[in-house]
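Chain by chain, the residues run as shown.
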Amino acid sequence: MSKTHTPEKREFQAEVSQVLDIVINSLYTDKEIFVRELVSNASDALEKMRHTQLTESDVHQPDLPLEIQIESDAEAKTVTIIDHGLGMTRDELHENIGTIAHSGSKAFVKALEENQQKESALIGQFGVGFYSAFMVADEVTVYSRSWREGEPSLVWKSDGKTGYEIEESEEELDRGCKIVLKLREDCEEFSEEGRVKSILENYSAFVSFPIMIGEDRVNTIEAIWRKKKADVTDEQYNEFYKFSAKAFDEPRYRMHFSSEMPIEINALLFVPTENTELFGMGQMEPGVSLYCKNVLIDDKPEGLLPEWLRFIRGVIDSADIPLNISRESMQDSSLVRKLNRVVTKRFLKFLAGEVKSDAAKYKEFYAKFGRFLKEGIVVDYDHREALTKLLRFESSMTEAGEQTGFEDYLTRAKDGQEKIYYLSGADRASIEAGPYLEALKSRGLEVIYFTDHIDEYLLQHLREFDGKGLVSAASSELELDDDAASEPEGEMLPEADLEALSAYLKEELAESVEDVTAGKRLVSSPAAVLTSDSGMTAQMRQMMQAMNPEEALPGVKVNLEINPRHSLIHQLSGIRESNPELAKLVASQLLDNALLSAGMLDDRANLVNRGFTLMEEAMKKSAE
Ligand code: ADP
C-alpha cells in the first residue's frame, strides 16, 4: 500500500453539522457526559474485539491487553482515551464519525424540542455520542489502527466546525483507537486527573474491561446480573441501566431473576421511562444483550426476545449458550428459542404482578408502552392470552380517565352473560353521545370503550377472552335479552303502522339501506344504523379513506333500526301519507343522522342542506 501523507479533507454531512452545532452552542449542562460516551464507545470496541478474537484467526497484535487507558495532561490541557479494540479503517472513519447513517439527528433535534431541559441526556440515545467530545474540546484527534492485517495507521482530526481530515500516521500505531481531546478554555478542569477519576467512579464498575489511569485501576468488573438481588443497591441497578442502555432516564421497571430450569438464566431487564418510538424515531432497536458467564456473545441478538418486546433493555446471561456461537446459527438455535420463551413468560408474569401491586404506575407504563402489548397480541399467538389480560381501557362502568381490564370486566358481568361488549370510537365522549350505548346500559351491561386507532386492527385478532366472544354494541349480531331491560318510556307504535312505516323507509332509502327493523335496543334515540360483523366497520372505512383520500369509498348498505316508542317515529308514521314531501325529507335526515353517529356518513353536504330545509318547514308551520 502506498503511503499518502496529504490529508484527505472532507466536510461533515449536513446532519452531523446540525448535531455538532447543538452540541457546541446549546448544551451547557452535564458536560462531563463526554467521558461516559467515549469510554462506552471504547468498551464497545473492546467487546467486539473479544468476540472477533474468538472467531477470526488473523488479528493484528492479538496479544494487546483488552483495557481502556485514560491520560490527562493538565499542562497540555488534554485528556486522552485509549483502547485496543477493533479500531477503524479509513472507510469506517468516514462512515462512523463523519456521517450519521440513520435518522438519528432529525429525531434528536425533535426530541430536544420536546424535552428542553434534558438536552444532554438525550445525546447517547441517538447514536451521536462521539460528538459529545466537542462539548469540551475545540480539537479532537482520533488515532486509529484497524484490527485487520495490512491496514494503515490513520489520524482523523477535526475542530467540530469546518469538517475533518484524515491522513496516514508517520509512525505505526497500536491496534485500536486513541482519542485526544484538546480542551476548550472553559473546560480545562477535565485535564485534571482527579476530576476525570471522580466522573468515572459513578459507573465504571459496569465497564467489563479494566479502566486504567496510569498504573491504577479505577474499576472492578461487576456482572451485577449474576449477583443476588440483596447484594445490589437501587443506585447500582440504575447506573447499570444508564450505562448499558446508554440511557439517561431512570428505568421505569426492573426485573432481576435467575432460574436453573429448564435452562440456566441470569437476567436483568429494564423498561425505560421513555418510549422513543413516540418521538417519531422509528422502530426501537432491540436492546437486550446476550452473555455467557459474563462474556458478551452479542449485544443485539435477533430473536433473543420477540420483536414486540424491543423496548426492553438489559442483559440475559445463560451458561448454556456456547461461547463461539455465530450470529447466523444463533437465530435458529433451539437454546435461544427456549431463552426467548422463558424470559418472555417471566416478563409478562412480572407485568401482571405490577398491575396488581401498583395500578397507578402500571397505568403510566401502559400509556407509553401499551402499543407494544397490542402489537404482541396481533402477531404472537403463544402469548396472546397473557397479553390480553394486560390490556387496559375505559368502559361504561369506569369514571372518565379510569381504566379497567378484561378480568375485572368479567367479575362485574351479569349472571349468565356470555359476551363481552365493546364500542369503538374516537374518544369516550363521542362513544357516549352515540345511540348504541343506551340499550346495554339499560340492561346493566358493561361496555368497553376502545379509543386507540389501532384498536380496530387489534380487534380483528382478539375475538374472545376467557371463552367469551367480543361483540360490538353497534353490530347487528348483538342479541339482547328484553326482560333484562328497564321498562322503556313511551307508547309502542301499533304493529300495523310499524310494519307500514318500515316498508316505506326500506323503499325510500333503498340506496343505502338493506333492511329496516323495529329496534329493542334504542331508548332515547329515534334510530341507529347497525353494522354486521362480517361487513366493514366505520373505523375500517375511515382507515381506508385516510390511506386513499382520492378514491371514493365503497358504498355502504346498512341495517336501520328504528325506535317504535320515539315520538319522532310516531309523527313520521303520521305524516307519511298526509305530507309525503316532508316525510321524505325526514326519512333521509333520520338515516344521515344515524350514519353520522356511526361515523359512516361520507357526504355531509346533503345533511346540512336538508337541515336548512327542515328548519324552514318548521318555522313556516309555526307561523301558520
Ligand atoms: P454509537 O456508539 O451510538 O454508534 P457514536 O457517535 O458514539 O454512536 O459512535 C459512532 C461509531 O463510531 C460507533 O458506532 C463505532 O462504530 C465508531 N467508534 C466510536 N468510537 C470508537 C472506538 N473507540 N473504537 C472503534 N470504533 C469506534
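This text goes with the structure placed above it.
Parameters and conventions
Residues numbered from 1 in each chain as written. Predicted model: local features only at pLDDT ≥ 70, side-chain atom pairs only at ≥ 80, totals over all residues. Heavy atoms only, no water. Helix = DSSP H or I, 4+ residues; strand = E, 2+ residues; numbered from the N terminus. Buried < 20%, exposed > 50% of the residue type's maximum accessible area, 1.4 Å probe, protein only. Contact = heavy atoms within 4.5 Å. Pairing = 2+ DSSP bridges. Axes fitted to C-alpha atoms, helices over the stretch in contact; angles between N-to-C directions.

A. Broad picture of the environment of Ala-594. Secondary-structure assignment places Ala-594 in helix H19 (residues 580-597). A relative accessible area of 2% places Ala-594 in the buried class. Sequence separation of Ala-594 and Ile-562 is 32 residues, and the distance between their C-alpha atoms is 10.0 Å. Discounting residues that sit within four places of it in the chain, Ala-594 has contacts with Tyr-436, Ala-527, Ala-528, Val-529 and Leu-560.

B. The environment of Met-212, seen in detail. Here Met-212 is to be found in strand S8 (residues 211-213). Considered as a pair, Met-212 and Glu-67 are 145 residues apart in the sequence and their alpha carbons are 7.5 Å apart. For Met-212, the contacting residues outside a window of four places in its chain are Glu-67, Ile-68, Gln-69, Ile-70 and Arg-217.

C. Broad picture of the sheet that holds strand S2 (residues 68-73). Strands sit in the order S1-S6-S5-S4-S7-S3-S2-S8-S9 across an open sheet of 9 strands; the sheet is mixed. On the outer flanks of this sheet lie strand S1 (8-10) and strand S9 (216-217), each paired with one strand and no other. The sheet contact formed by S2 and strand S3 (residues 78-83) spans 6 bridges and is antiparallel. Across the sheet, Ile-70 pairs through a bridge with Ile-81, a residue of S3. Taken strand by strand, helix H6 (residues 193-201) contacts S2, S3 and S8, and its axis lies near 165 degrees from that of S8.

D. The arrangement of the pairing of strand S12 (residues 287-292) in detail. The buried count for S12 comes to 5 of 6 residues, which makes it a mostly enclosed element. Taken together, the 5 bridges between S12 and strand S14 (residues 313-317) define a ladder with parallel strand orientation. Residue pairing across strands places Leu-290 opposite Ile-316, the latter belonging to S14. Pairing of S12 with strand S13 (residues 295-298), which is carried by 3 bridges, proceeds in the antiparallel orientation. Following the sheet pairing, Tyr-291 is matched in S13 by Leu-296.

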